[in-house]
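Report on the structure
Residues per chain are reported as follows:
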Amino acid sequence: MHMNSAPHLLTEDRPEYERILDDALRHAHERPDLAAVGERLNPVQLRTMAMAATALITATAATEYEHYVKAREDLRATAAGPDQDAGRGTGADDPNQSGAGIGAVVTVLAPVLAGTAAVIFLLVGYILKMLSPPPSFAGTMVGAGWVFAALTAAAILIAAVGLLIAALRNGSTSLAAEDPGEELPEDVARAREAWRHALLERGILPFLRDALADPGAAPAARTPYPSANRIPKIGYSRPDFSSPDDGPTAAPRPTFTSPDFTSPDFGGPEHEMD
């Protein structure tokens, strides 16, 4: 990840940015410099402005964020190495892997086959019992149908228990992998804490203070951000068009008059031209 030109907040770290922002707004009444929250701007407006200026705010902690991301990527690369080696070491000849595949197939097919057999035996057996006199093997078929029905119920129960155990195992594994708490190594945890602190103290809190001090101003002279305007303007203004000032000595404008058309004087045939 290269951040020399412009810092970029990764998608997986955006919820953490929002959480730090929400915590700062939630505890704003505990800070004297943020006591004006709710007077000029309410927390919702401040949050909207801060979310719109995410790139500007996170730029204040770009160095710490780059170090944190690098430490995290190194940790993931180290953790992925043994897993890939283990994956290369276990191939299709692994008996455990083959056994697991056969067990899954049996778990899925056993209820289907047993249920189908139960339906066939019960249906044929009861139809034969309706005959007069019923065949001697009709009772045997009905009994076999109930045996297959019991096997179907047992297979469904075993499959449900197996799925529940697999779901619990996968859930605990994913939670352990995604837990951002004490499971992280010390260097990664320190890098993340340094980024959080820098983001809060150098980015979010100064942004909120400037927004509360003058919501319409843009403190460009003292902003540490790469942009000249720390607080984004929400909305747009209509361009102001003005007509040129003619002044009192402006030259008179030319006037136009319509031409005077007159019809020729025609006389009757008794009139003669002079």
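Reference entry: report on the structure contained in this document.

Cut-off values and rules
- Residues numbered from 1 in each chain as written.
- Predicted model: local features only at pLDDT ≥ 70, side-chain atom pairs only at ≥ 80, totals over all residues.
- Heavy atoms only, no water.
- Helix = DSSP H or I, 4+ residues; strand = E, 2+ residues; numbered from the N terminus.
- Expected span 1.5 Å × (residues − 1).
- Bend = angle between axes of the 7 residues up to and from the residue.
- 1 Å grid on protein atoms, 1.4 Å probe; cavity = no way out; pocket = protein on both sides within 12 Å on 5 of 7 lines; lining within 4 Å.
- Points joined across faces, edges and corners; volume = space filled by probe spheres on them.
- Core = buried A, V, L, I, M, F, W, Y, C linked by side-chain atoms within 4.5 Å.
- Buried < 20%, exposed > 50% of the residue type's maximum accessible area, 1.4 Å probe, protein only.
- Contact = heavy atoms within 4.5 Å.
- Phe/Tyr/Trp six-rings, centres within 6.5 Å; stacked < 30°, edge-to-face > 60°.
- Polar contact = N/O pair within 3.5 Å; in protein donor to acceptor, adjacent residues only side chain to side chain.

Its 28 residues place the ends of helix H7 (residues 186-213) 39 Å apart at the C-alpha level, agreeing with the 40 Å of an ideal helix rising 1.5 Å per residue. Leucine 200 marks where H7 bends most, by close to 35°.

Once that is clear, we can look at the layout of surface pockets. Approximately 190 Å³ is the volume found for the second largest pocket. Along the walls of the second largest pocket sit Arg19, Ile20, Asp23, Ala24, His27, Arg31, Glu193, Arg196, His197, Leu200 and Glu201, which together make up its complete lining. Among the elements of the structure, helix H1 (14-26) and H7 are those that each provide at least two residues to the lining of the second largest pocket. Ranked by residues supplied to the lining of the second largest pocket, first place goes to H7 with 5 residues.

Moving on to the nonpolar core. The biggest cluster of nonpolar side chains holds 33 residues, and the ones touching the most others in it are Tyr17, Ile57, Leu199, Ile204 and Leu208. Where this core is concerned, the elements lending two or more residues are H1, helix H2 (43-52), helix H3 (54-58), helix H4 (62-89) and H7. Among the elements that line this core, the one with the most residues is H7, at 12 residues. In this structure, leucine 199 is in contact with Tyr17, Ile20, Ile57, Thr58, Ala61 and Ile204, ignoring residues within four places of it in sequence.

Our next topic: the packing of aromatic side chains. Applying the stated criterion across every chain, the model contains 3 aromatic pairs. Their ring planes at 40° and their centres at 5.0 Å tell us that tyrosine 65 and tryptophan 195 sit as a pair that is tilted. Of this pair, tyrosine 65 sits in helix H4 while tryptophan 195 sits in helix H7, and the two are 130 residues apart along the sequence. Ring geometry for phenylalanine 121 against phenylalanine 148: centres 5.5 Å apart, planes inclined by 15°, an arrangement best described as stacked. Taken as a pair, phenylalanine 121 in helix H5 (residues 95-129) and phenylalanine 148 in helix H6 (residues 138-178) lie far apart in primary sequence, 27 residues in all. Phenylalanine 121 sits in the partly exposed class, given a relative accessible area of 28%.

What follows is about H2. What H2 keeps buried is the set Leu46, Met49, Ala50 and Met51. The secondary structure elements touched by the buried residues of H2 are H1, H3 and H7. At the N-terminal end of H2, a side-chain oxygen is found 3.1 Å from the backbone nitrogen of valine 44, two or three residues along, and the residue is asparagine 42.

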